[in-house]
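# Coordinates in review
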Amino acid sequence: MTRILLLILCLGFVAACDSGGGDVLQSPTTGDGTGGGTDGGDGTDAEPIVSDRGTPELPPGTTNPTPNSQIVRREERDEETGGGYATNIRYLNDEGQDEFFVDNIAFDGDNVYTRGDPVTGVAQLGSFAVYEGAESTTDPVTGTTLRTFTYRAIYGRSTNGETEFAIVRSGSYVDYGFGGFVYQRNGFDDDGNEVRLVLPEDGDARYTGDYAGIRVFTGRGGLEYVGGDAEMIVDFKDFNDGNRGVALFVSNRRLYDINGTEITRAYLDALGRGDEADDTGSSRSLVQDTDADGNPVLPRIRPVISPDDADSNGEIAGDIFEIAEFDNGETIESGEGTYYAIMSGEDAGEIVGVLVMTGNDPRFDDSTTYQETGGFIVYRR
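Residues numbered from 1 in each chain as written. Predicted model: local features only at pLDDT ≥ 70, side-chain atom pairs only at ≥ 80, totals over all residues. Heavy atoms only, no water.

## Overview of the nonpolar core
Formed by 37 residues in total, the largest nonpolar core has its most connected members in Tyr207, Met232, Tyr339, Met343, Leu355 and Phe376. Listed by contribution, the elements that provide at least two residues to this core are strand E12 (204-218), strand E13 (224-235), strand E14 (245-257), helix H1 (264-273), strand E16 (315-325), strand E17 (331-344), strand E18 (350-360) and strand E19 (369-380). If sequence neighbours within four positions are ignored, Leu355 has contacts with Tyr211, Leu248, Val250, Ile301, Ile320, Thr338, Tyr339, Glu372, Thr373 and Gly374. Counting residues in each nonpolar core, the second largest holds 26 residues, with Leu223, Tyr256, Ala317 and Ile377 among its members. (Core = buried A, V, L, I, M, F, W, Y, C linked by side-chain atoms within 4.5 Å. Buried < 20%, exposed > 50% of the residue type's maximum accessible area, 1.4 Å probe, protein only. Helix = DSSP H or I, 4+ residues; strand = E, 2+ residues; numbered from the N terminus. Contact = heavy atoms within 4.5 Å.)

## Regarding the environment of Met232
As for its placement among the helices and strands, Met232 is situated in strand E13. As a C-alpha pair, Met232 and Ala247 span 15 residues in sequence and 5.5 Å in three-dimensional space. Ignoring anything within four residues of it in the chain, the contact list for Met232 reads Ala205, Arg206, Tyr207, Val246, Ala247, Leu248, Ile316, Tyr339, Ile351, Phe376 and Val378.

## Description of the pattern of salt bridges
Note that side chains of opposite charge can pair when their charged atoms are close. The tally for this structure, following the rule as stated, stands at 21 salt bridges. Between Arg73 and Glu315 there is a salt bridge whose closest N-O contact spans 2.8 Å. Of the two residues, Arg73 sits in strand E1 (residues 71-74) while Glu315 sits in strand E16, which places them 242 residues apart along the sequence. A salt bridge links Glu322 to Arg253; its shortest N-O distance comes to 2.9 Å. Placement of the pair is Glu322 in strand E16 and Arg253 in strand E14, with a sequence separation of 69 residues. Like Arg253, Glu322 is buried. Residues participating in the shared-partner salt-bridge network are Arg215, Arg253, Glu322 and Glu372. (Salt bridge = Lys/Arg side-chain N within 4 Å of Asp/Glu carboxyl O.)

## Describing unusual backbone geometry
The phi dihedral of Asn104 falls on the positive side, at around 70°, and the residue is not glycine. Within the secondary structure layout, Asn104 lies in the loop between strand E3 (99-103) and strand E4 (112-115). The exposure class assigned to Asn104 is buried, which follows from its relative accessible area of 6%. The backbone phi angle of Ala348 is positive, close to 50°, even though this residue is not glycine.

## Topic: H1
The periodicity of an α-helix, 3.6 residues per turn, causes residues three or four places apart in sequence to face the same way. Residues Thr264, Tyr267, Leu268, Ala270, Leu271 and Gly272 constitute the buried set of H1. Residues of H1 that are buried sit in contact with E12, E14, E16, E17, E18 and E19.

## Focus on the packing of aromatic side chains
Think of a pair of aromatic rings as described by two things: how far the centres are apart, and how the planes are tilted against each other in angle. This model, assessed by the stated rule, comprises twelve aromatic pairs. One aromatic cluster is present, built from ring pairs that chain together Tyr85, Phe107, Phe149, Tyr173 and Phe178. The lysine or arginine in question, Arg215, covers the ring of Tyr370, its NZ or CZ lying 3.8 Å from the ring centre. Sitting over the face of the ring of Phe217, Arg220 holds its NZ or CZ atom 3.7 Å from the ring centroid. (Phe/Tyr/Trp six-rings, centres within 6.5 Å; stacked < 30°, edge-to-face > 60°. Lys NZ or Arg CZ within 6 Å of the ring centre and 35° of its normal.)

All quantities given are derived from atomic positions and should not be read as evidence of function.
Shown next as structure tokens:
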């Protein structure tokens, strides 16, 4: 696998290792607090699940899920893009250190990521924490200080500890680069209670919560953050035959550079300039949405509705797209992708999920694309 590196070309090589390991943010425990299994298998990376559900397929992970079991899903490994290589993702806070551990990613220091600096960087996006890979490492033999690559992680955990997610991405590649995501329903909540799911058979429900993500690129290096609001609507009574209707919307997304400076308006200006005239030659302007405080926001992420998006274990997978609208009524699709999620709670009270969306970056030529990987935790309101 070939990678073109931005920042640290003096190293003169690219390394990618392939090691196993479970993908759990919090080690699952049994009722007595002892360690349990990680992904329903032998601790190695699971094969993608083969099922009769529609497209898209669920990511690899727990092989025999049930409504009352812990479910762990991770990004499928992709040798072309570098996705899915992050393994053994763990949040470390047993001594109050507030750190993140990520394995199987080359040139990220000693695998330990520290909380972002709220003054010089980004420490928080909504209710989710942001972590930074070390900027340098030391040769243990010679003591020489070596530069590392740019890695960032976002970690989200629900208010009661039933669900959580993590996303790891790099800005040091002229490609999407190495990284990964994990999302899961835990076996036990923060109070030690066993987590189970009871799906309603009728009625509709609305879920709202925070959304946060990382953008990386092909055609250029760099890394950006995005934060916003997630909303899911679930129709528990339809579709028939045990299927549920599910719709995900992500609104009020604002874009930030790696240092936390907002760049939403500049991005929207480029999006509007990208196609200034329609087929008749008349000018048109981008319709720009704003949040409740009047801040400009990115176009809304919307769902593709399908009858086989959700199953009886509370797992969800569906397609999404982003539409940019112009004042003459025309639209362009500015992004498309897939989201994955898991319901949790006796009243199906919360949902955790991750989405991956790609599109052309209007600030650059047509060969530059973005990949936005975002996580959300939403609660039944």
